[in-house]
Amino acid sequence: MAPLHRTLANRLLSKLPPFRPWSRAARLSAAADGGAPTPTASSSAAAPPPDWSSPPIDAGSSIRKPISLWPGMYFSPVTNALWEARSKLVEEIGDAGASGKAPPPPESELVPRSPSRSRTSIFYKFSSDYVLREQYRNPWNKIRTGKLVEDLDALAGTICYKHCSSDNGTTRPLLLVTASVDRMVLKRPIRIDTDLQIAGAVTWVGRSSMEIQLEVTQSTEETQDSSDSVALNANFTFVARDSRTGKSALVNPISPETEREKLLWEEAEKRNKMRKKMREECNKESKVEDSSRLQALLAEGRVFCDMPALADRDSILIRDTCFENSLICQPQQRNIHGRIFGGFLMRRAFELAFSTTYAFAGVAPRFVEVDHVDFLRPVDVGNFLRLKCCVLYTELDNPDEPLINVEVVAHVMKPELRTSEVSNKFYFTFTVRPEALNDGLRIRKVVPSTEEEARRVLERMDAESCHTSS
């Protein structure tokens, strides 16, 4: 008898229509049912303008025939659907450059785009699609947050492509890469048995960077209006690079039209300015106070190191909370540009952080937020990647919701060259469920034992303080 997953896959494949190439514009507005494209404009002058308000993508309809530059078949169903919608476009641009066709339009011709033009949404039919639901279920019958984070990154990338594409579905040969993730906040628990939607759009544009705001919504019996249905907010920043030179590339300006779009733009503009200002102020203040703050942090750690029998039993050293894993980056983990998919890195980092927190707390933790993610260097296929994780510090002021702040640092190692460089930094916050606290669970204080550890703690605390102030 064939395994269950093979039987289910055969049933699904038998229901799919014959594969036919989509038009380029159709890929950028992938439809919900069976992957069928919505009607789009042709290149003739008499054709109507394209309809950018495409219906949500159905995550369950993404088992389609891959093409040469589409590695999405190794990722989640949502990533599959999103990447298929843009991979043919990337392939055609590459073919055009190789064949000596006319070059893309110059950057001087960039025209402003409205946020609605890039707006894209994905629909998860968790209530009725058992196969889809199983791929997102964790051992505690909750949502597998790492998979959701992976999808968010893929969706943000697709939104960037839609913003930068021309009306006929073509775009300049740009590399659009994740630069950072800022405060991905869980507002309420996400259920695995209830339909889910993720929607987002470009809300702010700089010279070569774009900010994308995403919302995860899930309507339940407890939600009374649309604002109550928002379960998670996330802000991604993408940067554009010229695919031929690797240098920064200008992107289309943004032109907010509705009152909400203008409000989101103003908030993003204010946030960017305030972040720069607060970063400078925090750096100045930290230099003055570093010495005394370092000594205060290290006081308990020295007791652990020098007089362990007298150390506080409710505290633990940072080094005793550490876990790590290593992997060789495989071709199946690449994105459509041939480098390791940022969403894959985020998922691996999140799942290591979750495991580290689980071992530290003694119960399965509850995700609170992604504090910050920096993508410092690209990760390539074949790289030896080492992820190091620790509990950096805990916040125990609120006994009903103790916070556990976790750091994951990714190192790209090249044994042949005897080099190791930091490629990514991830910061997550977890807590524990109230029932565990009611049963007497206590979260321990985490203390540094070296100046290097103490500085990392101070830097993260200052960053959090600056972000809260802004």
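None of the values given here were measured: they were computed from a predicted structure.

Looking only at helices and strands, one finds ten helices and 13 strands in the chain. Put simply, the chain has 470 residues, and 47% of those count as buried. Long-range contacts, defined as pairs at least 24 residues apart, comprise 75% of the intrachain contacts of the chain with a sequence gap of at least 6. For the chain, the exposed surface amounts to about 23300 Å²; the carbon and sulfur share of it is 52%.

Between the first and last C-alpha of helix α8 (residues 342-361) there are 28 Å, a value that for 20 residues agrees with the 28 Å anticipated at 1.5 Å per step. For α8, the buried fraction is high: 15 of the 20 residues fall into the buried class. G362 lies just past α8 and shows a positive phi near 90°.

It is worth spelling out the sheet that holds strand β2 (residues 120-124) at this point. A sheet is described by the order of its strands in space; here eleven strands give the open sequence β1-β2-β4-β5-β6-β3-β9-β12-β11-β10-β8, paired in mixed fashion. A single partner strand is all that each edge strand has here, and the edge strands are β1 (57-58) and β8 (323-328). Bridge count for strand β3 (residues 174-186) against strand β9 (residues 366-375) is five bridges, and the pairing is antiparallel. Residue pairing for β9: V185 is matched across the bridge by E369. Docked against the sheet, helix α6 (residues 145-164) engages β2, β3, β4 (196-205), β5 (209-217), β6 (230-242) and β9, running at close to 130° with respect to β5.

Phi at N141 is positive, roughly 60°, even though this residue is not glycine. Structurally, N141 can be placed in the loop between α5 (130-135) and α6. At R418, a position not held by glycine, the phi torsion is positive, near 55°. Structurally, R418 is set in the loop between β11 (403-414) and β12 (419-431). Looking at R418, the relative accessible area reads 79%, which means it is exposed.

This next bit is on the pairing of β3. Looking along a regular strand, one sees the side chains alternate between the two faces of the sheet. Two elements, β3 and β6, share ten bridges in a ladder whose sense is antiparallel. If you follow T178 over to β6, its bridge partner there is F238.

Here T237 shows up in strand β6. For the pair T237 and S180, spaced 57 residues apart in sequence, the C-alpha to C-alpha distance is 5.3 Å. Residue contacts for T237: discarding those within four places in its chain leaves V177, T178, A179, S180, S209 and M210.

Let's shift gears to α6. The end-to-end C-alpha distance of α6 is 29 Å, a good match for the 28 Å that 20 residues give at a rise of 1.5 Å each. When you tally the buried positions in α6, you get 20 out of 20 residues, the bulk of the element.

If you look at the biggest cluster of nonpolar residues, it comprises 91 residues, and the most contacted ones within it are Y124, M184, I212 and F236. With residues up to four places along the chain from it excluded, the contact list for I212 reads A156, I159, C160, A201, V202, A234, N235, F236 and F238. By size, the runner-up hydrophobic cluster in this structure holds five residues, among which are V303, F304, A311 and L317.

With that settled, the discussion passes to the packing of α6 against α8. Packing of α6 against α8 brings their axes to within 8 Å, and their N-to-C directions diverge by 155°. One element, α6, and the other, α8, form an angle in the roughly antiparallel class. Handedness of the crossing formed by α6 with α8: right-handed. Between α6 and α8, the residues in contact are T145, G146, K147, V149, E150 and D153 and G342, G343, F344, M346, R347, F350 and E351, respectively. Of the residues in the contact of α6 with α8, the class split is four nonpolar, four polar and five charged.

Bringing the packing of aromatic side chains into the picture now. Counting across every chain of the model gives 15 aromatic pairs. On the numbers, 6.5 Å between centres and 35° between planes, the contact of F350 with F354 is tilted. With F350 and F354 both in helix α8 and four residues apart, this pair spans about one turn of that helix. Grouping residues by exposure puts F350 and F354 together as buried. Ring centres of F367 and F430 lie 6.2 Å apart, and the angle between their planes is 70°; on these two criteria the pair is classed as edge-to-face. Separated by 63 residues along the polypeptide, F367 in strand β9 and F430 in strand β12 bring together distant segments of the chain. Judged by its relative accessible area of 6%, F367 is buried. You can call F430 buried: its relative accessible area is 0%. By the ring-pair criterion, three or more aromatic residues cluster together here, those being W140, F350, F354, Y358, F367, F375, F426, F428 and F430. Lying across the ring of Y136, K147 places its NZ or CZ 5.6 Å from the centre. Seen from the ring of Y427, R460 lies directly overhead, with NZ or CZ sitting 4.2 Å from the centre.

What counts, and at which threshold
Residues numbered from 1 in each chain as written. Predicted model: local features only at pLDDT ≥ 70, side-chain atom pairs only at ≥ 80, totals over all residues. Heavy atoms only, no water. Helix = DSSP H or I, 4+ residues; strand = E, 2+ residues; numbered from the N terminus. Buried < 20%, exposed > 50% of the residue type's maximum accessible area, 1.4 Å probe, protein only. Contact = heavy atoms within 4.5 Å. Areas by Shrake-Rupley, 256 points an atom, 1.4 Å probe, with all protein chains shown as cover. Expected span 1.5 Å × (residues − 1). Pairing = 2+ DSSP bridges. Axes fitted to C-alpha atoms, helices over the stretch in contact; angles between N-to-C directions. Core = buried A, V, L, I, M, F, W, Y, C linked by side-chain atoms within 4.5 Å. Parallel < 35°, antiparallel > 145°, perpendicular 65-115°, else oblique. Left-handed = near helix turned anticlockwise from the far one by under 90°. Nonpolar A, V, L, I, M, F, W, Y, C, P; charged D, E, K, R; others polar. Phe/Tyr/Trp six-rings, centres within 6.5 Å; stacked < 30°, edge-to-face > 60°. Lys NZ or Arg CZ within 6 Å of the ring centre and 35° of its normal.

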